[in-house]
Each structure stands twice: as C-alpha cells, then as structure tokens.
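Observations on the model geometry
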Amino acid sequence: MEKRVVNRKQAQHRKARDEEFTRKKRISSIKLLVSQNKLSRALSEIQRFLEDYPDNSYGLFQEANIMYLLGDIEKAKEKFQYIVDNQLESQYASLYKLGEISYMNEDFDSAYKYFIRNIETSPYKEKYSIIGVSRIFLETGEYDKAIEVLHKYSDMNDLDVLIQKANALRKIHKYKEAYEILMNNNFDENEDTLRDYYIIKGIVETELSMFEEAEKSLLTALSYSKNKYENKVKTELAYTYYLSDQLDKALELAQDVMDSADNKYHGKAIIILGQIYMKKYEYEKAYDYFVKSLEYNYYRDPRGYLYISEVFMIQRDYENAQKYIDEFLRNSKNYVYNNLSHLRTAVIGVKTNDLEKVIENISKVNNKYLEGKNVEDYEAVNTYIKWKTGKKINYSIYSVSQLANYSIDRLIEHIDKEHVINDLKASFDKDINLEELVSQMPELLDDAMLISNRYYEKYRLRYDNIGEVNGKKVNTLHVVTLPNSKKIITMYPVYDDEKQNVKEIKSKVKQKSQIDKFNQKYRKMNGN
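The model shown is predicted, which means the values in this text are computed figures rather than measured ones.

Looking at the pairing of strand 6 (residues 488-494)
- Within strand 6, seven of the seven residues are buried, which leaves the element mostly enclosed by the surrounding structure.
- Connecting strand 5 (residues 472-481) to the antiparallel partner strand 6 that follows it, the hairpin turn spans six residues, and Asn484 within it adopts a positive phi of roughly 55°.

Written out as structure tokens, the structure is:
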C-alpha cells in the first residue's frame, strides 16, 4: 500500500516536472519569436499558451507586452493594469510598462506615479523605473532633478544609469561632461546595454561635431541592433549624416527606415527627410514631409508643426509661421522645444514690428537651454528690445552699432577684413570693388536666394572669383542683413554649393581700377 502511494507521488512529481518543462519550453519559444520580431506569430502562440494556462502570470505579461510591441497600446494597457490590480507575480514589470505607455502618451503625471510606485513597492532594484523618472524630468525641463534622481535611487556604477546621466547632461548641452562619463568607464555588459551605450555615445559625438567617431559608434550600435532596434539606430545615423552634410547617405538611411514594416521610427525618420530637403532648399518637399510627420503618432511628436513654421518663415509668411508655432505649443509638453518656440515667436514679433509680442515672449525664454544660432537670436532680440525702448546698449559691438546707427563706411571697413568663421578663413578677391558691390546689393537681393530667416536674414548669390576660402578660389557670396531691411550687416565669400541655384551677379559690378586699389591701400596704411 505504502509503495503504491510512493509510486503515485513520484508519478505526480514527474508529471508536474514535465508540465513545468513544457511550460518553460513554450515560453522560451515565444520569447525567441519576439526577439526575431515575429510578433503576430508570437501573439498567436502566447494566446494558445494561455488557453492551457489561463492564470500564468508570465504568460499574461507576455501577451500584454507583445500587444504593446505590435502597437495595440490600449489593449496592452488594460492587460498590464489587470496584472497590477490583481497583484500577480509580474505586477512590478507591468507597473514599469504602464509608466512607459503614459510617458509615450505624454501623460507625465501618470507615468511618474507608475514609476515611483514600482520603485517604492518592488523588492528589486527597479533601475528602469528610476531611469523612467529621470526621463520625465528631462521632458519637463527639470534637468537638475533628472540627474539628482539617478544619484538618489541607484548605484552610479551601473552602465544603464551612467548612460541616462550622460543623456541628461546632453540635454543641458554639457556634451563634454557627457562624453567624459561615457569614455571613463570600463564595462562588460549584455548586448542591449552595449547597444544603448553606443547609441548615446554616437549622439553625443554628433553634438560635438565628431562626425567620424559618431558614425563608428552608431555603426557599432547597429551591429548589436537586430530586428526591432535596427531602425532606432538607423534614424540616429541618418541624423548624423544630415548634420555632417552627407545628405545622400542621410536620405538613403531615412528612406530605408520609412520603407520598413516597423513603423515605430517612421515619425522621426520623416522629420529628418524634411530637414534634408530644407538643407537642399527644396522647400515644397520639406513642407510635404513635415505635414506627413504629423500622421505618425507611435511616439506623438508634434515637432512637425515647428518645422512647418520654418518653411513659412523662409517665405516671409509670418501669419502662418505663427499659426503653426501656436499649434505646436498646444500639442507639446517638451520644455526644450517650447522654450525655442517662444524665441521663434519673439523673432516673428521683430519681423512684424510688434514690440509687445517680442517682450512678452523673450521673457519666457530660458537661455540656459539654447545653443548655437539660437543663442545669437536670443542676444540679438534682447539688444533690439533695448534699442527700441531707449535703454543703454554696447555700441562697441559692430552689429549693435550698425543696428542703432547704420554706416556704409563701417560696413565696407568690416567686410574688407579677412573673415574667420570656425576653421574657415574667407576674404574677397583684391580686384573686387567693394564700394560698388555694396551699392548694388539692395537691388540684387530682390532676386537672391533667402536661405535663412531667423533674426538676421541670410542670402546666397553667385559671383565668379568673388574671393577665397582657406586659399581656395570660390564663386559664391554669403550676405547677411538686419531684420526687415536691405541694410547689410556683413558679407563674405563661401564655398560653392551645387545644391544652390543662386543668382549670377558678376556683370552687375565693376572691377576695381588701379586708382581704387591705390586709395584702398593708402587708407589701410593710414588707419582710415
């Protein structure tokens, strides 16, 4: 009798063991399908699995997760919430996923609550929820808090956390500090973490204009990015190529992302396509892509409105430019871009002579989060306000003195010098009659190509042998004017760009006579 009982227990144990083995094997095969991005088949398999094991917590989580990856966000959210409400074993992972969904929908308050609840209730170190909290602070412009939360909750030797800290520093334009963090760490991590490391390293290197290094980092990331992460890396690499003026490579990669079945990064790729065509001065194509970008809402990205406004700025259609900035502000919770939008609105105020609008919007701009040309616009707008309101301005600065008290003689003296822009040295050909060129320029600008309409208005014109850039003869002239004006603030030769169909002006301007050359040399010798 006792022997039969023992045998029965052994049989039950073997059966339970076999069932557990079968269960784990089925789960492993489903995880493999997910890793291979065969999501529809994975969903069918997990649903069959749940018919046999309806209360299996891991199976319920995988079903919700696969739905999430397939883009069926609402159903996924319901199933994650069911797991949390019923306190099933996978509740902590589900809390994180609910935070991710809320973050994706820009519901940052709910995302914060889910992430914090996960951190405070989980028996594990929930580093991804910690990172999630820091990402929320990044989105809302609370960059110091983003870095603080990483210190407060987690071991800073964790590479995932270091990556996020570098990302936070990048957001406040501390690229060198971010780069130092990424370069001063030895690690031996899994492929997912290495992929993320090389992605953020490539992004930071791009921001530092280290384009060759950025390309290497992102190509390394691509080698770790099979299936579902491939398009993420390709999108970042396309942006690197765009910034480094490798527009054909950027175009090919961005289009490759758009042609893929995975639509997760279509919205970002299509914005890059629009930016590429802006650089190519094909504004109609750029406009079409920016409009189309608004249709892609896997990650709701309203930046398309902001880029559309740039197209209208180039056309000097300030009413429509403002309309799309306003639409962006209604749809965006991104502090950095909102900050930039108020700067753009202030610039439109300058263009439309609306001083009240200029003052109201520039007061909303935090210059701590501006960089590059946006810093130039911010400073110029503030100088404009001081000038308009009769406040003291620094006349020793050339551009300020020209704004307040324009002088042709001062302009000619300015452009007659060698211009140094970054690592480029530009100078006019010695035979160019600068006085004649300046006098003809207001008429020539009527038909010139406007390439930028920020605070200053920038044009390109063609002129054979106009001068040299780094010792190379060039045939293109860059002209910058004060806002709403034909008054030239500066002009200098630039490298030729075959993308530009700009106006030929050689026949309009006379060459210097020998007397002109002598007089110019005499003025320089006498300091006049």
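Here's the deal with the packing of aromatic side chains
- Applying the stated criterion across every chain, the model contains 17 aromatic pairs.
- A ring pair is formed by Tyr96 and Phe115, whose centres lie 5.8 Å apart and whose planes are at 40°; its orientation type is tilted. Remark: Phe115 occurs in helix 6 (residues 108-121) and Tyr96 occurs in helix 5 (residues 91-104); sequence separation between them is 19 residues. Each of the two residues, Tyr96 as well as Phe115, counts as buried.
- Relative to Tyr283, the ring of Tyr281 has its centre 6.4 Å away and its plane inclined at 75°; by these criteria the two rings are edge-to-face.
- Judged by its relative accessible area of 16%, Tyr283 is buried.
- By the ring-pair criterion, three or more aromatic residues cluster together here, those being Tyr287, Tyr305, Phe312 and Tyr324.
- Taking the ring centre of Tyr103 as reference, the NZ or CZ of Arg135 above it sits at 4.2 Å.
- Taking the ring centre of Tyr242 as reference, the NZ or CZ of Lys279 above it sits at 4.6 Å.

Points about the packing of helix 11 (residues 191-207) against helix 12 (residues 211-223)
- Where helix 11 contacts helix 12, the axes come no closer than 8 Å and their chain directions differ by 160°. For the element pair helix 11 / helix 12, the angle class is roughly antiparallel. The two elements helix 11 and helix 12 cross, and the hand of that crossing is left-handed. Mapping the contact onto sequence places Arg195, Tyr198, Ile199, Lys201, Gly202, Glu205 and Thr206 in helix 11 and Phe211, Glu213, Ala214, Ser217, Leu218, Thr220 and Ala221 in helix 12.
- Among the residues forming the contact of helix 11 with helix 12, the class breakdown is six nonpolar, four polar and four charged.

Quick notes on the rules
Residues numbered from 1 in each chain as written. Predicted model: local features only at pLDDT ≥ 70, side-chain atom pairs only at ≥ 80, totals over all residues. Heavy atoms only, no water. Buried < 20%, exposed > 50% of the residue type's maximum accessible area, 1.4 Å probe, protein only. Helix = DSSP H or I, 4+ residues; strand = E, 2+ residues; numbered from the N terminus. Pairing = 2+ DSSP bridges. Phe/Tyr/Trp six-rings, centres within 6.5 Å; stacked < 30°, edge-to-face > 60°. Lys NZ or Arg CZ within 6 Å of the ring centre and 35° of its normal. Axes fitted to C-alpha atoms, helices over the stretch in contact; angles between N-to-C directions. Parallel < 35°, antiparallel > 145°, perpendicular 65-115°, else oblique. Left-handed = near helix turned anticlockwise from the far one by under 90°. Contact = heavy atoms within 4.5 Å. Nonpolar A, V, L, I, M, F, W, Y, C, P; charged D, E, K, R; others polar.

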